[in-house]
Amino acid sequence: MEQMIFIQTGTGVDLHGQDVNQAAERAVINAIYTNSMPGIQNSLPDQDLNNMKVNVKLGLPRDIEHLDEEKIKKLVPYGTVTVEKLEGGLATTSGIYLSDQEDKNDLMYIVNAVVEVGY
């Protein structure tokens, strides 16, 4: 990325089922869906949203190899999106095991997201 314009952070949790994808999706949504960047288009080359570059960094506590990067990319509506998987986040007890929630154990997965926007 040549020029960084915007950075936002988010956190996502999957309380049951130990699904790193669910937690990652929630982290990205938390980071981007409460933001408006009204001047972004004017800051991009040719004032074109397709020239925007978005780098999504995810701190994943476990199951990094199971992350569906394409699903994460589809959460970002414009630009060229890359996904960077990093060790991080937290896997900690939810305090309860619920077999009807497809729990494999009593852990909840917490994922941290950093969304960088620029060109």
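Everything that follows concerns the structure shown earlier in this document.
Treat the numbers as computed from the prediction; the structure is a model and nothing was measured. (Residues numbered from 1 in each chain as written. Predicted model: local features only at pLDDT ≥ 70, side-chain atom pairs only at ≥ 80, totals over all residues. Heavy atoms only, no water.)

Q: Even after reading the chapter, I still don't get the overall build of the protein, so can you show me in this structure?
A: Regarding its fold elements, the protein presents three helices and five strands. Along the protein, from the amino end to the carboxyl end, the secondary structure elements read β-α-α-β-α-β-β-β. Overall, the protein is about 55 × 25 × 20 Å in size when its C-alpha atoms are taken along their principal axes. Intrachain contacts of the protein at a sequence separation of at least 6 include 73% that bridge at least 24 residues. (Helix = DSSP H or I, 4+ residues; strand = E, 2+ residues; numbered from the N terminus. Contact = heavy atoms within 4.5 Å.)

Q: Looking at this structure, how should I read the pattern of salt bridges?
A: The tally for this structure, following the rule as stated, stands at five salt bridges. With its nearest N and O atoms 3.4 Å apart, the salt bridge here joins E70 to K73. Of this pair, E70 and K73 both sit in helix α3 (residues 69–73), separated by three residues, roughly a single helical turn. Classification of E70 as partly exposed rests on a relative accessible area of 47%. (Salt bridge = Lys/Arg side-chain N within 4 Å of Asp/Glu carboxyl O. Buried < 20%, exposed > 50% of the residue type's maximum accessible area, 1.4 Å probe, protein only.)

Q: Just to check I follow, could you spell out helix α1 (residues 20–32) for this structure?
A: Since the α-helix advances by 3.6 residues per turn, residues separated by three or four positions end up pointing in the same direction. With 13 residues, α1 should reach 18 Å at 1.5 Å per residue; the first-to-last C-alpha distance of 19 Å fits that figure. Within α1, burial applies to V20, N21, A23, A24, E25, A27, V28, A31 and I32. The inward-facing, buried residues of α1 contact β1 (4–14), β2 (53–60), α3 and β5 (107–118). Measuring from the backbone nitrogen of N21 back to the side-chain oxygen at the start of α1 gives 2.9 Å, which picks out D19 as the cap. (Expected span 1.5 Å × (residues − 1). Polar contact = N/O pair within 3.5 Å; in protein donor to acceptor, adjacent residues only side chain to side chain.)

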